[in-house]
Amino acid sequence: MRNEVRMQLGDPMRIGLLASSGSGKTTLLQNIVLMLSRELREKVQFIGFDPKLTSLFSIEPRFSVPVFTQPATWLPTMNKIEQIMNDRLAEMKARGWAKIDPVRHGGEFPQIIVVVEELPSLINNTELSKNEQNAIREWFGSYLRMARAANMGILVASQTFDSGVTIATSIRSQFNIRFIGRCSIGDANLFCEGQTDKCNVLRLAGPGEFYFAQDDFNQWVRFKTWYTDEERIRTMAQAYSVDNRDIGLGWRVSNPFED
Ligand SMILES: Nc1ncnc2c1ncn2[C@@H]1O[C@H](COP(=O)(O)OP(=O)(O)OP(=O)(O)O)[C@@H](O)[C@H]1O
Ligand SMILES: [Mg+2]
């Protein structure tokens, strides 16, 4: 559509991606992960939660990224992530830093991005007890409040951000980068903070079309995600590798738990 989507990378990213089933969420999520790893290289690490086994990581071997698909692994992993965050916060305190600067300190403390596919399936998973479901809900609250200073961010794809089924409104407000695809007007209205006239989801023609905004929800850019049907993941990775800011197919994104 010749509309440019420009993400500012100077701040840990809190990305929310809203669209109903079959609207191109996973495709866009994969594009974002590839783009971020190309732009930030060793300054970014991903950890994935994927109830539906649809994310990039399990398919593209270049990503030696841990992806957790089994409900029993989610809380222990979230606790580990919280541990990494608390260690960082303690280290920052010792150094007298108010926050980790992603640009200046990103080599030593890479930006860790927690990637969540299908938020409702994660939060309301029937294999988990009510207590466990609540603990996961609470984790999102404490993580999103504290992670930013520690150069840790999030990328969440969901069919809804309704507080009844997913996370509280105060937690949702932490998303500074938002994408909205085809969805109900009610869901769109929640996620564009009432600016439905500026991102008219009824105008979106089909899968892959989205609106994008960063920080200012008065300004939405309409665009279509890059997509190819043939061997989607490989072709996407290759398309990025022949870009003039070549990340190279040999490039690996590292695993934060290995450090
Ligand atoms: N940019 C695009 N251009 C054309 N078709 C697209 C585009 N993005 C996605 N599609 C089509 O839409 C289908 C669904 O895409 P995708 O799996 O990314 O959506 P989703 O929102 O994650 O769906 P689900 O709810 O099933 O997980 C793809 O298989 C593809 O056929
Ligand atoms: Mg999907």
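The notes below deal with the structure included here.

What counts, and where the lines are drawn
- Residues numbered from 1 in each chain as written.
- Chains lettered and ligands numbered in written order.
- Predicted model: local features only at pLDDT ≥ 70, side-chain atom pairs only at ≥ 80, totals over all residues.
- Heavy atoms only, no water.
- Axes fitted to C-alpha atoms, helices over the stretch in contact; angles between N-to-C directions.
- Helix = DSSP H or I, 4+ residues; strand = E, 2+ residues; numbered from the N terminus.
- Parallel < 35°, antiparallel > 145°, perpendicular 65-115°, else oblique.
- Left-handed = near helix turned anticlockwise from the far one by under 90°.
- Contact = heavy atoms within 4.5 Å.
- Nonpolar A, V, L, I, M, F, W, Y, C, P; charged D, E, K, R; others polar.
- Expected span 1.5 Å × (residues − 1).
- Buried < 20%, exposed > 50% of the residue type's maximum accessible area, 1.4 Å probe, protein only.

So, the packing of helix α2 (residues 71–95) against helix α4 (residues 130–146)
When two helices pack together, their arrangement is given by the angle between the helix axes and the distance between those axes. Relative orientation of the contacting elements α2 and α4 amounts to 25°, with a least axis distance of 11 Å. With respect to each other, α2 and α4 are oriented roughly parallel. By crossing handedness, the relation of α2 to α4 is classed as left-handed. Contact with α2, carried on its side by W74, L75, M78, I81, E82, M85, N86 and L89, involves E132, A135, I136, W139, F140, S142, Y143 and M146 of α4 and no other residues of that element. Class assignment for the residues of the contact of α2 with α4 results in 12 nonpolar, two polar and two charged.

As for α2
Taking 1.5 Å of rise per residue, the 25 residues of α2 would be expected to cover 36 Å, and the 37 Å separating its terminal C-alpha atoms lies within 8% of that figure. Among all positions of α2, only P71, W74, T77, M78, I81, I84, M85, R88 and M92 are buried. If you follow the buried residues of α2, they end up packed against β2 (44–49), β3 (67–68), β4 (111–116), α3 (119–123), α4 and β5 (152–158). Looking one or two places after α2, you find G96, whose phi comes out positive at around 75°.

Digging into the environment of S55
Inspection of the secondary structure puts S55 in the loop between β2 and β3. Expressed as a C-alpha distance, the spacing of S55 and T27, which sit 28 residues apart in the sequence, is 8.7 Å. Ignoring sequence-local partners within four residues, the contact set of S55 consists of Q30, D50, V67 and E117.

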